[in-house]
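If you want the building blocks of each chain, they are given just below.
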Amino acid sequence: MTRRGWSGSLGWAALAGVVAGGAGLAVAELFAAFLATGASPVFAGGAAVVDAVPGWLKDLAVAWFGTADKAVLLGTIGVVLAVGAALAGVLEVRRPPSGSLLLGAVGVVAAVVATLRPGATVLWALPSLLGIAVGMALLRAAAARLRAWAPGSAAPVTAGGPTAAARPGAPGRDLDRRRFLAVTGLSAAAAIIALAASRAVSAASRGVQAVRDAVRLPAPTAPAEPVPQGADLAAAAADGDVDLAPGDLDGLAPYITPNVEFYRIDTALRVPQVDPADWSLTVTGLVDEPFTLTWDELLALPMEEHHVTLACVSNEVGGDLIGNALWLGHPVRTLLERARPQAGADMVLSRSVDGFTAGTPLDVLLDPQRASLVAVGMNGEPLPAEHGFPARLVVPGLYGYVSATKWVTELKVTRFAADEGYWTPRGWSALGPIKLQSRIDVPRPGASRAAGTVVVAGVAWAQHTGISGVEVRADDGPWRPATLAETTGPDTWRQWWYAWDAEPGEHRLSVRATDTDGLVQTADEAPPAPDGATGHHTVTVSVA
Ligand SMILES: Nc1nc2c(c(=O)[nH]1)N[C@H]1C(S)=C(S)[C@@H](COP(=O)(O)O)O[C@H]1N2
Ligand SMILES: [Mo]
């Protein structure tokens, strides 16, 4: 065997492995598309990785890749699987059946992982098992043909010397080569067909999109507090209501965040597609009267509207994992009161269809002064699928990870001593009140401005307490009061602006807020974990 032939057959072996593995995976995906999308080995495996990776790695992934973190994860899984399958191909040709056993082991692991996903049944093992059986059979067949065609690729030639087929120019070789290529080519074709079919089947889940688009939300029995004219500075500037040129505010987050721009944070690799016809909300646990509501029953209840600014605990100082929306929903409080919580209960564990849970203090949810909603509408539309369609929780004043369960299906009244939400065992605090914070949106870091009056603007938030003041300073100068925009109330962020008299040079601009309790935002820097970042947002600008 020449070197060239040796490496050439290694390449064929690797290709056979990748094709067989790919075909097995495609078969598994197709089966999963029919059975349960969550049973797909790729997504069950990916979700298991998401749940298992340590918090610091997850934070790093978000920091590096932002909202592309899920695509990067799936891409990485794809590369690892392809390399593993290539290895299985080489092993199967050289030391049968070690390669197909390797594939089988991966398939069994995938099957077990799938059965451990939230809401899984033992049936969820089937797609992986069936897929891997197909992959193993294809690999064995391809490897046998390849060994016959290029025997140098097998384990060191044993006593007795090369077989007839191995001799150059032997008539059998051509036939074996054609057989190998046929097996591999047919496997590849089967993989492509299975993949296309599974895409077609999952396209049916887009049906939920059509159902969402057809939903007519009820009118609120208690409509929203009106948004004051001066809550959105850019709009006010455009109307001539404040002495600012609209262009001065380019980059300032709008008071209401449009749904398409609203940040999205969750552990779901595939957005759950929940048909309201199959959905229900159960109130259970330490209650005297557990009950279940259907979608129609929920929509028939009185609906309230409320502006609430959601924030993620992972938001860095100056970050954009925060957004403000008008939510339509039914108060969580009345649902809990109807179920009649028992003495000793102090937490509500809300659960999503995808297994995510959040632990919220019961007294917060029972507080008549706090508009905690089972929300069905967001800025006048049904919830977008990524934001929890058909229903989610929205609790003013608490970070999302302890309150804002999307695709919510269960409210379990319980005790902090007995239950914990998804993020608590992963190093995040059991309680997550939103911390007083402020952000400079204008100018952007690194921006250049002409000397003279420079408009500085941004947002500040202290949900459910409210913002009473914002101050800005340049370099180590004195804190100067900014002008506050109006707001609907304490549950949302508040815009602010400041006319800075800028002199030439490089300058650092910082902001700090004060809440209506008189608390001044701390300069102490803390990272997001375990209960929210602190410190002053500072941007550097150059003035010429
Ligand atoms: N089902 C589910 N709900 C969830 C989460 C999740 O991972 N799964 N993440 C929570 C977190 S950490 C935040 S900050 C908010 C974000 O809500 P949004 O994506 O609508 O902005 O959703 C919360 N609800
Ligand atoms: Mo979050």
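In every chain, residue numbers begin from 1 and rise along the written sequence. By the order in which they are written, chains take letters starting at A while ligands take numbers starting at 1. With pLDDT at 70 or above as the cut-off, local features in this predicted model cover only qualifying residues; side-chain atom pairs require 80 or more to be listed or tallied, and sums for whole chains, interfaces and linings still use all residues. With hydrogens and water set aside, each side-chain value is computed from the structure's full complement of heavy atoms.

So what exactly am I meant to see when it comes to the site of ligand 1 here?
The rule for a residue being near a molecule or strand is that one of its heavy atoms must lie within 4 Å of it. Near ligand 1 there are 19 residues, and of these Y263, T267, H387, R392 and K406 occur at the shortest range. Under the rule applied, a polar contact is a pair of N or O atoms within 3.5 Å (in protein, one hydrogen donor and one hydrogen acceptor; residues adjacent in sequence only if both atoms are side-chain atoms). A404 places a main-chain nitrogen or oxygen 3.0 Å from a nitrogen atom of ligand 1. For this classification, Asp, Glu, Lys and Arg are treated as charged, while Ala, Val, Leu, Ile, Met, Phe, Trp, Tyr, Cys and Pro are nonpolar and the rest, including Gly, are polar. Taken together, the residues of the shell around ligand 1 sort by class into nine nonpolar, five polar and five charged.

Even after reading the chapter, I still don't get the environment of L175, so can you show me in this structure?
Starting at the N terminus, helices and strands are each numbered in turn, a helix being any DSSP run of H or I of at least four residues and a strand any DSSP run of E of at least two. Note that L175 resides in helix α7 (residues 171-203). Note on exposure labels: buried denotes an accessible area under 20% of the residue type's maximum, exposed denotes more than 50%, and partly exposed covers the range between, all computed with a 1.4 Å probe on protein chains only. Given a relative accessible area of 38%, L175 falls into the partly exposed group. Along the chain, L175 and R145 lie 30 residues apart, while their C-alpha atoms are 9.4 Å from each other.

For this particular structure, what's the right way to read the UniProt feature "transmembrane region" (unreviewed entry) in the protein?
UniProt positions are given in the numbering used here, feature names are shortened, and annotations may be inferred rather than shown by experiment. In this structure's numbering, the residues bearing the UniProt feature "transmembrane region" (unreviewed entry) are residues 71-91, 98-116, 122-139 and 180-201. For the annotated span residues 122-139, helix accounts for 83% and strand for 0% of the residues, and the straight-line distance between the end C-alpha atoms is 27 Å.

I tried to follow the packing of aromatic side chains on my own but got confused; where do I start?
Only Phe, Tyr and Trp rings are paired, with Trp represented by its six-membered ring, and only when their centres lie within 6.5 Å; those with planes under 30 degrees apart are stacked, over 60 edge-to-face, the remainder tilted. Inspection of every chain in the model, using the stated rule, returns ten aromatic pairs. Arranged with centres 6.0 Å apart and planes meeting at 85°, the rings of F262 and W327 form a pair that is edge-to-face. With F262 in the loop between α9 (233-238) and β1 (280-285) and W327 in strand β4 (residues 322-331), the pair connects residues that are 65 residues apart, well separated along the chain. Classification of W327 as buried rests on a relative accessible area of 0%. Taken together, W12, W149 and F180 form an aromatic cluster joined through their ring pairs. Positioned above the aromatic ring of F291, the side-chain terminus of R338 is 3.8 Å from the ring centre. Here, a charge over a ring is recorded when the distance from Lys NZ or Arg CZ to the ring centre is within 6 Å and its angle to the ring normal is within 35 degrees.

Which parts of the structure should I look at to understand the pairing of strand β5 (residues 347-352)?
The side chains of a regular strand alternate between the sheet's two faces. In terms of burial, β5 is largely enclosed, as five of its six residues are buried. Here the rule is simple: two strands pair whenever DSSP picks up at least two bridges between them. Two strands pair when backbone bridges link them, and β5 and strand β6 (residues 357-361) are joined in this way by five bridges, in the antiparallel orientation. Bridging from a neighbouring strand, S350 pairs with A358 of β6. Adjacent in sequence and paired antiparallel, β5 and β6 are bridged by four residues, among which G355 carries a positive phi angle near 95°. Where β5 meets strand β10 (residues 408-414), six bridges bridge the pair, whose relative direction is antiparallel. Each residue of the ladder has a partner; that of L349, found in β10, is K412.

Mind showing me how you'd approach the packing of helix α2 (residues 41-52) against helix α5 (residues 98-115) here?
Between two packed helices, the angle of one axis relative to the other and the distance separating the axes together describe the packing. Lines fitted to C-alpha atoms define the axes here, with helix axes fitted over just the stretch in contact, and angles between the N-to-C directions of these axes take values from 0 to 180 degrees. Running from amino to carboxyl end, α2 crosses α5 at an angle of 70°, the nearest separation of the two axes being 9 Å. Between α2 and α5, the angle is such that the two are roughly perpendicular. Every pair of crossing elements has a handedness; the one defined by α2 and α5 is left-handed. Where α2 abuts α5, its residues P41, A44, G45 and A48 lie against A110, V113 and A114. Taken together, the residues that form the contact of α2 with α5 break down as six nonpolar, one polar and no charged. Working definition: roughly parallel below 35 degrees, roughly antiparallel above 145 degrees, roughly perpendicular at 65 to 115 degrees, and oblique for all remaining angles. Left-handed describes a crossing whose near helix is turned anticlockwise from the far helix by less than a right angle; the clockwise case is right-handed. By definition, residues are in contact when any of their heavy atoms lie within 4.5 Å.

Teacher, can you tell me more about the sheet that holds strand β17 (residues 494-502) here?
Backbone hydrogen bonds are what pair the strands of a sheet, in a parallel or an antiparallel way. Taking strand neighbours across the sheet as the criterion, the four strands line up as β11-β13-β17-β16 in an open arrangement whose pairing is antiparallel. Each edge of the open sheet is held by one strand with a lone partner, namely β11 (437-442) and β16 (483-484). Relative to β17, β16 runs antiparallel, the two sharing two bridges. Residue pairing across strands places T483 opposite W497, the latter belonging to β17.

Would you take a moment to explain the pairing of β1 for this structure?
Examined bridge by bridge, β1 and strand β2 (residues 291-294) share four bridges and lie antiparallel to one another. In the strand pairing of β2, S280 is matched with T294. Hairpin remark: β1 followed by β2, antiparallel, with five residues in the connecting loop. Bridge count for β1 against β10 is four bridges, and the pairing is parallel. If you follow V283 over to β10, its bridge partner there is L411.

Explain the sheet that holds strand β19 (residues 537-543) to me, please; I cannot follow it from the model alone.
Read from one edge to the other, the open sheet built from five strands follows the order β12-β19-β18-β14-β15, with strand pairing classed as mixed. Only two strands of the sheet have a single partner each, and these edge strands are β12 (448-449) and β15 (480-481). With seven bridges joining them, strand β14 (residues 467-474) and strand β18 (residues 505-515) adopt antiparallel strand pairing. Note that in β18 the partner of V470 across the bridge is A513.

I tried to follow unusual backbone geometry on my own but got confused; where do I start?
Among all residues except glycine, the phi angle is most often negative; among peptide bonds, the trans geometry is most common. The linkage connecting V442 with the following residue, P443, adopts the cis geometry, with an omega of -5°. With respect to the helices and strands, P443 occurs in the loop between β11 and β12. Residue P530 is reached from A529 by a cis peptide bond, and omega for that bond is 5°. On the secondary structure map, P530 appears in the loop between β18 and β19. The phi dihedral of W407 is positive, around 50°, even though this residue is not glycine. If you trace the backbone, W407 turns up in the loop between β9 (392-394) and β10. Here the phi dihedral of D475 falls at roughly 50°; this positive angle occurs in a residue that is not glycine.

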